[in-house]
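Remarks on the overall topology
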Amino acid sequence: MSDDLGIRLLIVDDEQSIRRLCMTVGEALGFVCMEANSGETALALLEEQPAHMILTDMVMPNMSGLEFLEKVKKLLPRSEVAVMTGHGSIETAVQAMKLGAYDYISKPFAPLEELRLFLRRMAEKVRLVEENQFLRQRVDTESDLHGIVGSSAKIQDVLRMISRLKDTRTPVLIMGESGTGKELVARAIHFRGTFASRPFVAVDCGSLVPTLIESELFGYEKGAFTGALRSKTGLFQSASGGTIFLDEIGELPLEMQAKLLRVLQEKEVRPVGSNQKVKVDVRVVAATNRDLEKEYRNGTFRKDLYFRLNVVTLHLPSLRERRSDIPMLAHWFLDRYAPDKAMQVTNAAMKCLLQYDWPGNVRELENCVERAVALGDGRIIDASDLPSTIASASPSSESTPGMANGAVSTTDLEDIERATIERVFEQVKGDKVLAGKMLGISRATLYRKLKRYNIGGHHEMSSGSQALQ
């Protein structure tokens, strides 16, 4: 339990013998233990290294246990703080609990087993709090994952790959144009699998200041450079046990690529200014909008790093490569930005969306829908609500099959929509709840579409929801 969470325990007492005793018991339970001989020292330590559990004496010089408790609860409201009292002051201990203390324990600890059980119960509460926090985040994350919307063959291939990779530690390289949803896919790989409760750290390599890349990724020691007033844990250490997502990996300079390769090979980092190496165990998911194979052949990307990252490659299609998903995506974003308005997209507006080439891909489509909701009348989105570049889009040579010379008629749009809904409905075996999620539309909208196109009458209705594979 404690190994999974890496529970950190801080002992605060002005008596060294008590600190040593508590640390011995804590370390035997698997906790990472720290110590401080005063409230002031403990607060300074907590600024740099937050603790899950704190065991503090009530009577200490300068700052009392109650004063320390109040300050800790403001600094780290989710940390559990227990108090030790050796002066028979039950009233003070009760006052501490009113201020948010977990519990109190009397000194001396007799028998010692009492302290061990006390710390184990305290750790159990920490574990439950962490699990509940994770479940709340998981619900939010699962909602976000529905943003991988689409029924086209290419996006279904992506979903199948996510399903295969979610429980592995295999490095993954996600390739695709900007705006195709590379981070969303990385999060899906992490949060849909067995490592969902572990850390997920996203790093935008393109936004890192070149002179600070190493210290950001690997951390640094106090005094390592001007302005390093305290030690800092790097992003690789923060992700240890989980996944680190290196977005736009192609932006890293060659010198940094060499250091990253060493970390991936040796599974350890050396913070800037330190002589000590720290073990890290992370799954690496990298992403790029560049052709890394071409770049390593040109000498602008390390060949050995490319092959270290490129164990499994996942290609994300551009939006123009899956135009049949545009109506589904548009309604998904419409429900997100106008959830209570039941707004609709006119045929003229949908024609513009289908004909536009979308250089910014799904991200650009989302921005377009958000803008249209803000400028529209609250009932419909028409071509006049779209940006001029989209409203005046000329037909593309990559238009959806069946659109002769790029022209899109009302009948064409209805046929596309009907075919999309029928395909999804067939995939989920008539499960309306799951069909609505895959299509990115509300249940009410789905029912209207099913009735309009007379879909579902010949399907066996399923009460259960089937996972996307």
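Whatever comes next refers back to the structure up there.
Below, the structure is looked at part by part.

Scoring rules and cut-offs
Residues numbered from 1 in each chain as written. Predicted model: local features only at pLDDT ≥ 70, side-chain atom pairs only at ≥ 80, totals over all residues. Heavy atoms only, no water. Salt bridge = Lys/Arg side-chain N within 4 Å of Asp/Glu carboxyl O. Helix = DSSP H or I, 4+ residues; strand = E, 2+ residues; numbered from the N terminus. Buried < 20%, exposed > 50% of the residue type's maximum accessible area, 1.4 Å probe, protein only. Phe/Tyr/Trp six-rings, centres within 6.5 Å; stacked < 30°, edge-to-face > 60°. Pairing = 2+ DSSP bridges. Expected span 1.5 Å × (residues − 1). Contact = heavy atoms within 4.5 Å. Core = buried A, V, L, I, M, F, W, Y, C linked by side-chain atoms within 4.5 Å. Disulfide = S-S within 2.5 Å. Axes fitted to C-alpha atoms, helices over the stretch in contact; angles between N-to-C directions. Parallel < 35°, antiparallel > 145°, perpendicular 65-115°, else oblique. Left-handed = near helix turned anticlockwise from the far one by under 90°. Nonpolar A, V, L, I, M, F, W, Y, C, P; charged D, E, K, R; others polar. Polar contact = N/O pair within 3.5 Å; in protein donor to acceptor, adjacent residues only side chain to side chain.

Attention shifts here to the pattern of salt bridges. For the structure on display, the rule yields 27 salt bridges. Residue Arg-320 pairs with Glu-177 through a salt bridge whose shortest N-O separation is 2.5 Å. One end of the pair, Arg-320, is in the loop between strand 14 (312-315) and helix 14 (326-337); the other, Glu-177, is in the loop between strand 6 (172-175) and helix 8 (182-191), and 143 residues separate them in sequence. Taking the relative accessible area as the measure of exposure, Glu-177 reaches 29% and is therefore partly exposed. Among the salt bridges present, the one from Glu-266 reaches Lys-277, with a minimum N-O distance of 3.6 Å.

Right, let's get into the packing of aromatic side chains. Following the criterion strictly, the structure yields 8 aromatic pairs and no others. Ring geometry for Tyr-102 versus Phe-118: centroids 5.9 Å apart, planes at 70°, classification edge-to-face. On the criterion of sequence distance, the pair formed by Tyr-102 in the loop between helix 5 (90-98) and strand 5 (104-106) and Phe-118 in helix 6 (residues 112-145) is long-range, its members being 16 residues apart. When sorted by exposure, Tyr-102 lands in the same class as Phe-118, which is buried. By the ring-pair criterion, three or more aromatic residues cluster together here, those being Phe-191, Phe-200 and Phe-245.

When you tally the buried positions in strand 13 (residues 283-288), you get 6 out of 6 residues, the bulk of the element. On strand 13, burial covers both faces: Arg-283, Val-285 and Ala-287 on one face and Val-284, Ala-286 and Thr-288 on the other are all buried. Examined bridge by bridge, strand 6 and strand 13 share 4 bridges and lie parallel to one another. Bridge pairing in strand 13 places Met-175 opposite Thr-288.

Looking now at helix 11 (residues 254-266). When the terminal C-alpha atoms of helix 11 are compared, their 19 Å separation across 13 residues agrees well with the 18 Å that a helix rising 1.5 Å per residue should span. Regarding helix 11, the residues found buried are Met-256, Gln-257, Lys-259, Leu-260, Leu-261, Val-263 and Leu-264. Packing partners of the buried residues in helix 11 comprise helix 9 (213-218), helix 10 (235-238), strand 10 (243-247), strand 11 (268-269), strand 13 and helix 13 (303-309). Remark: Lys-267 follows helix 11 within two positions and exhibits a positive phi of approximately 55°.

Core analysis: the biggest nonpolar cluster contains 42 residues, and Leu-353, Trp-358, Leu-365, Leu-386 and Ile-390 have the highest contact counts within it. If you list the elements that add at least two residues to this core, you get helix 14, helix 15 (347-355), helix 16 (361-375), helix 18 (410-427), helix 19 (432-439) and helix 20 (443-453). In terms of residue count, the dominant contributor to this core is helix 14 (7 residues). Not counting chain neighbours up to four residues away, the residues in contact with Leu-353 comprise Ile-326, Ala-330, Trp-358, Leu-365, Cys-368, Leu-386 and Ile-390. Counting residues in each nonpolar core, the second largest holds 31 residues, with Ile-213, Ala-239, Ala-286 and Tyr-296 among its members.

Quick look at the state of the cysteines now. Under the definition given, this model contains 0 disulfides. Looking at Cys-33, it has no disulfide partner, and the nearest cysteine sulfur is the one in Cys-22, 9.1 Å off. In this model Cys-352 remains outside any disulfide bridge; the closest cysteine sulfur is found in Cys-368, 9.3 Å from its own.

In the contact formed by helix 14 and helix 16, the axes pass within 9 Å of each other and the chain directions differ by 50°. Classified by the angle their axes make, helix 14 and helix 16 are oblique. Handedness of the helix 14/helix 16 crossing: right-handed. Packed against helix 14, whose contacting residues are Ile-326, Leu-329, Ala-330, Phe-333, Leu-334, Arg-336 and Tyr-337, the element helix 16 presents Val-362, Leu-365, Glu-366, Val-369, Glu-370 and Val-373 at the interface. Looking at side-chain class alone, the contact of helix 14 with helix 16 contains 10 nonpolar, no polar and 3 charged residues.

To continue, consider unusual backbone geometry. With omega at 0°, the peptide bond leading from Lys-107 into Pro-108 counts as cis. Positive phi values are uncommon outside glycine, yet Glu-248 reaches one of about 50°. The residue Glu-248 is located in the loop between strand 10 and helix 11 in this model. With relative accessibility at 12%, the residue Glu-248 sits in the buried group. A positive phi angle, near 55°, is found at Trp-358, a position not held by glycine. Locating Trp-358 in the fold gives a position in the loop between helix 15 and helix 16. By relative accessible area, which is 0% here, Trp-358 ends up buried.

Here we come to the environment of Lys-259. Looking at where Lys-259 falls in the secondary structure, it is placed in helix 11. For Lys-259 and Arg-270, which are 11 residues apart along the polypeptide, the C-alpha to C-alpha distance reads 9.9 Å. A polar contact is formed between the side chain of Lys-259 and the side chain of Glu-214, at a distance of 2.7 Å.

Considering the arrangement of structural elements, one finds Phe-333 in helix 14. Through-space distance from the C-alpha of Phe-333 to that of Glu-370 is 7.5 Å; in sequence the pair is 37 residues apart. Residues within four places of Phe-333 in sequence aside, it is in contact with Val-362, Leu-365, Glu-366 and Val-369.

Quick look at the sheet that holds strand 10 now. The sheet built from 5 strands is open, its strands ordered 7-10-13-6-14 with parallel pairing. The two strands at the open ends of the sheet, each matched to only one other strand, are strand 7 (200-204) and strand 14. With strand direction ignored, the average angle separating the axes of adjacent strands in the sheet is 20°. As judged from the 4 bridges shared by strand 6 and strand 14, these two strands associate in the parallel manner. In the sheet register, Val-172 faces strand 14, and the bridge partner there is Val-312. Each of strand 6, strand 7, strand 10, strand 13 and strand 14 is contacted by helix 8, which is oriented at about 160° to strand 7, the strand it contacts most.

Honestly, that's just the spatial picture; any functional story needs more than this.
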